[in-house]
Amino acid sequence: MATVDWADELAASVEGPQVVNDSKTPSGTVHVGSLRGPVILDVITRALRARGLETTLLYGVDDLDPMDAQALLSPDAIEREMGRPLAHVPDPHGDCHASYARHFAGIFIDTFDGLGIRPDRYYWMSDIYPTGQMDPFIKTALDKAPIVREAYRRVANVRHPDHWLPVGVICPSCGKVGTTIASDWDGATVYVECKPDLVVWAHGCGWSGRVAPFGGAAKLPWNLEWAAQWSLFGVTIEPNGKDLATAGGSRDRSEAISREVFEREPPLNFAYEFLNIGGKKMSTSKGRGAAAHTIGSVVPPEQLRFLFVRNRPETVIEFDPEGTDAIPRLFDEFDRIAAATAGREVRGELPSGHENIFRFSLLDAKADAQAAAGAFRPPFGHLALLAQIPGVDAAAKAGAEKGSPLTAAEAAELETRLAAVRRWLEAYAPDKARLEIHRDAIPAEAAALDGNQRAFLAALAAAAPAGSADKPANGDAWQAAIFAVAADHGLDARAAFNALYLAFIGRTSGPRAGWLLAGLDHDFVLQRLRTAGATAA
RNA sequence: GGGCCCGUAGCUCAGCGGUAGAGCAGGGGACUUUUAAUCCUCUGGUCCUGGGUUCGAAUCCCAGCGGGCCCA
């Protein structure tokens, strides 16, 4: 059982052309956890295509849904805009977009794009309704209103009054959709009332009259709209988040309506879990949005895909980057899978689908996975050290480690990782990952130095006189000097390095000492070596 | 009150009917040059609990308990 067999199994279980769909209401920003669904859809699409099935990936923007998040509006806009279709609410961030919906949808479309998720088509419900494509579904829903009410009652235990009709008319007077109630379908028009008190979060204007609910004048309620999308686009596969999978919840309702009202078998479904941060679901409204946003800036796209791809969809992913090594480990595991995919020998067992995991983690679906897997990737932990040592040329160092110049792609990857490392050090890294040079005073821990170690430090200072031509010029030279002087004093390498770390950073281990010393001000180094070497034991 | 998912090593997770696994963490060792690197090695699990099915159960079924998300 490979870890990503869920995608291959799904692909193997269907025949013929496939239409994969997802949709989202653009009511605010997306957080990292909500990207799991789109990644899963993308992976399914790739698996279907790998099997040779003609597959279309659709992504819908449900932008005629009513505005109901007043936190994102200015106070004077709340009364005016709450309840209007998102597509008709002005962009709160000035005039960079045509509407509130376009602004926030644009953000998540850009995010998807950055993750290599490229739906064949984005459709906007605010564009679809005016074309009349939804009209047959609206008419059917109205003609079968008793069946709709019965389905709601039976599936969701929601009892609508007998005059209730499954349509949301946009008020011709105030433009709100969340405040209207329709009744008396006569085959061409419905009677509409825009009520001040239908919902608590928005207030209607009180208008009433007859409206023909077609051509964009009205929208279907969410459950019916979802079912209508399945019919309109011929959707065959649509997983959804587990939040919709509850008995009598959205999915159940829409499936019942699809069967009973639109007379179509609903698409293949499975529910996927979320991404928890520190044991809690990510939520902008619960104050975890900031963490979510930061994670996106620390974990690059390939590793983010990897995070979602390597776990089965029905398992919760626990990800707790705060003060932990979760992020470095994510990179390390990615690199291990990459190395294995490239055919290199790797420690430990591998998930049997590791080549798929790697391939599905790549942004470019058509990339040569073998070539990509073979690329040089500097270990995250190593970069975290280099980034903290002054004066280190990480690119040169990486090239030296690789043994040949970096390719353009590898250089770009290095830059990506360096940026990630810096953000990680700022936002998440545990204290032990942070390197602090004790500049002002010798660390208290240096009291643990024994006589041999002190003698070694003093001798090292003497061997590297300030200002002279033979001052160690670089990390290699320092490293050589350290080994030579240690040997003279009969000190093994471990004790010698321990002494240096204690004297400079107050720990018994640290980054490669030669480069550490080479990166520091030379006079300071000599002074510290003498001080540590001279302190009475 | 109801639904769904998950409880496997300290942590994150594989395994999903045939002798309990990996990574990381932890212990020990090697290293005259990647010293927070690398390599070797070890430790560590009543597979949540209790029943049942089976020649055989972490795996299937039932019931609890615990956690999470959602719907009421």
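Residues numbered from 1 in each chain as written. Chains lettered and ligands numbered in written order. Predicted model: local features only at pLDDT ≥ 70, side-chain atom pairs only at ≥ 80, totals over all residues. Heavy atoms only, no water.

Asker: Quick question: what am I supposed to make of the overall build of chain A here?
Answerer: Looking only at helices and strands, one finds 22 helices and 13 strands in chain A. For 537 residues, the compact-globule estimate of 2.2 N^0.38 gives 24 Å, and the C-alpha radius of gyration of chain A, at 31 Å, exceeds that figure by more than 25%. Considering only C-alpha atoms, chain A reaches an extent of 100 × 55 × 35 Å along its principal axes. Burial analysis of chain A (537 residues in total) assigns 50% to the buried set. (Helix = DSSP H or I, 4+ residues; strand = E, 2+ residues; numbered from the N terminus. Rg over C-alpha atoms; globule rule 2.2 N^0.38 Å. Buried < 20%, exposed > 50% of the residue type's maximum accessible area, 1.4 Å probe, protein only.)

Asker: How should the pairing of strand 7 (residues 208-211) be read in this particular structure?
Answerer: Side chains Gly209 and Val211 of strand 7 all project onto a buried face; the interleaved residues Ser208 and Arg210 project onto a face where none is buried. Alignment of strand 6 (residues 190-194) against strand 7, held across 4 bridges, turns out to be antiparallel. Across the sheet, residue Tyr191 finds its bridge partner in strand 7, namely Arg210. (Pairing = 2+ DSSP bridges.)

Asker: What am I meant to see in the sheet that holds strand 7 here?
Answerer: The strands making up a sheet are joined through hydrogen bonds of the backbone, oriented either antiparallel or parallel. An order of 5-6-7 is seen for the 3 strands of this open sheet, with the pairing classed as antiparallel. A strand with exactly one partner marks an edge of an open sheet, and here the two such strands are strand 5 (180-183) and strand 7. Strand after strand, the sheet turns through a mean of 30° between neighbouring axes, direction not considered. (Axes fitted to C-alpha atoms, helices over the stretch in contact; angles between N-to-C directions.)

Asker: Please clarify how the pairing of strand 2 (residues 55-61) should be interpreted in this entry.
Answerer: The side chains of a regular strand alternate between the sheet's two faces. For strand 2, the tally of buried residues reaches 6 of 7 residues, placing the bulk of the element in the interior. Pairing analysis gives 7 bridges linking strand 1 (residues 18-24) to strand 2, with the strands arranged parallel. Its bridge partner lying in strand 2, Val20 is registered against Leu57. Between the parallel elements strand 1 and strand 2, the chain passes through helix 2 (residues 36-50) in a crossover that is right-handed. (Right-handed = clockwise from strand over helix to strand, strands pointing away.)

Asker: What am I meant to see in the packing of helix 16 (residues 394-402) against helix 17 (residues 408-427) here?
Answerer: Pairs of packed helices are described in terms of their axes, by the angle between the two and the distance that separates them. Between helix 16 and helix 17, the least distance of the axes is 11 Å, while the angle of their chain directions is 125°. Relative to helix 17, the element helix 16 is oriented oblique. In the crossing of helix 16 with helix 17, the sense of the turn from one axis to the other is right-handed. Residues Ala394, Ala395, Ala398 and Lys402 of helix 16 pack against Glu410, Leu414 and Leu418 of helix 17. A per-class count over the contact of helix 16 with helix 17 returns 5 nonpolar, no polar and 2 charged. (Parallel < 35°, antiparallel > 145°, perpendicular 65-115°, else oblique. Left-handed = near helix turned anticlockwise from the far one by under 90°. Contact = heavy atoms within 4.5 Å. Nonpolar A, V, L, I, M, F, W, Y, C, P; charged D, E, K, R; others polar.)

Asker: How should the confidence of the model for chain A be read in this particular structure?
Answerer: Low-pLDDT portions of the prediction should not be read for the details of their coordinates. In the predicted model, chain A carries a mean pLDDT of 86, and the fraction of residues at 70 or more is 93%. With pLDDT under 50 throughout, residues 284-289 is counted as low confidence; its partners more than four residues away or in other chains account for 8 contacts. Overall fold confidence for the complex sits at a pTM of 0.88, while the interface term, ipTM, reaches 0.88. (pLDDT = per-residue confidence, 0-100.)

Asker: Help me understand helix 4 (residues 100-114), please; the structure alone is not making it clear to me.
Answerer: Since the α-helix packs 3.6 residues into each turn, any two residues three or four apart lie on the same face. Here helix 4 contains 15 residues, and its C-alpha end-to-end distance of 22 Å stays within 8% of the 21 Å for a straight helix at 1.5 Å per residue. Its buried side turned inward, helix 4 meets strand 1, helix 2, strand 2 and strand 3 (121-124). Following helix 4 by one or two positions, Gly116 has its phi on the positive side, about 80°. (Expected span 1.5 Å × (residues − 1).)

Asker: Teacher, can you tell me more about the environment of Arg36 here?
Answerer: Tracing the backbone through its elements, the reader meets Arg36 in helix 2. Assessed through its relative accessible area of 0%, Arg36 is described here as buried. Those residues within four positions of Arg36 in sequence are excluded, and the remaining contacts are Glu273, Phe274, Phe308, Asn311, Arg312, Pro313, Thr315, Val316 and Ile317.

Asker: Just to check I follow, could you spell out the packing of aromatic side chains for this structure?
Answerer: Aromatic ring pairs are described here by two measures, namely the spacing of the ring centres and the angle between the planes. Going through the model one piece at a time under the given rule, you end up with 18 aromatic pairs. When the ring of Tyr123 is compared with that of Phe233, the centres are 4.3 Å apart and the planes differ by 40°; the resulting orientation is tilted. Note that Tyr123 is positioned in strand 3 and Phe233 in helix 8 (residues 222-233), a separation of 110 residues in sequence. The pair formed by Tyr123 and Phe233 is uniform in burial state, with each residue classed as buried. Above the ring of Trp124, the side-chain terminus of Arg102 is found at 3.6 Å from the ring centroid. Positioned above the aromatic ring of Phe360, the side-chain terminus of Arg359 is 5.1 Å from the ring centre. (Phe/Tyr/Trp six-rings, centres within 6.5 Å; stacked < 30°, edge-to-face > 60°. Lys NZ or Arg CZ within 6 Å of the ring centre and 35° of its normal.)

Asker: What is the right way to read unusual backbone geometry from this model?
Answerer: Note: most residues except glycine have negative phi, and most peptide bonds are trans. Positive phi values are uncommon outside glycine, yet Asn157 reaches one of about 60°. Assignment of secondary structure puts Asn157 in the loop between helix 7 (145-156) and strand 4 (168-169). In this model, Asp184 sits at a positive phi of 60°, which is unusual for a non-glycine residue. Checked against the element boundaries, Asp184 lands in the loop between strand 5 and strand 6.

Asker: Help me understand the protein's contact with RNA strand B, please; the structure alone is not making it clear to me.
Answerer: RNA strand B sits among 40 residues. The nearest are Lys242, Glu318, Lys432, Gly510 and Arg512. Looking at RNA strand B alone, sugar and phosphate atoms form 70% of those within 4 Å of the protein. Asp325 is positioned such that a nitrogen or oxygen atom in its side chain is 3.4 Å from a sugar or linking oxygen of RNA strand B. Among the secondary structure elements, those contributing two or more residues to the surface near RNA strand B are strand 12 (280-281), strand 13 (317-319), helix 12 (326-341), helix 19 (475-488) and helix 20 (493-505). The dominant element in the surface near RNA strand B, judged by the number of residues it contributes, is helix 20, at 4 residues. Residue composition of the surface near RNA strand B, grouped by class: 13 nonpolar, 8 polar and 19 charged. (Near = heavy atom within 4 Å. Polar contact = N/O pair within 3.5 Å; in protein donor to acceptor, adjacent residues only side chain to side chain.)

Asker: So what exactly am I meant to see when it comes to the environment of Phe376 here?
Answerer: By the secondary structure assignment, Phe376 is in the loop between helix 14 (369-374) and helix 15 (380-386). Relative accessible area serves as the criterion here: at 17%, Phe376 is assigned to the buried category. Residues in contact with Phe376, not counting those within four places in the same chain, are Ala398, Glu401, Lys402, Leu406 and Glu410.

Asker: Teacher, can you tell me more about the sheet that holds strand 3 here?
Answerer: The 3 strands are arranged 1-2-3 in an open sheet whose pairing can be described as parallel. One side of each edge strand has no neighbouring strand; the edge strands of this open sheet are strand 1 and strand 3. Each strand axis lies, on average, 25° off the axis of its neighbour in the sheet, ignoring direction. Sheet contacts for helix 4: strand 1, strand 2 and strand 3; angle to strand 3, the most-contacted strand, approximately 165°.

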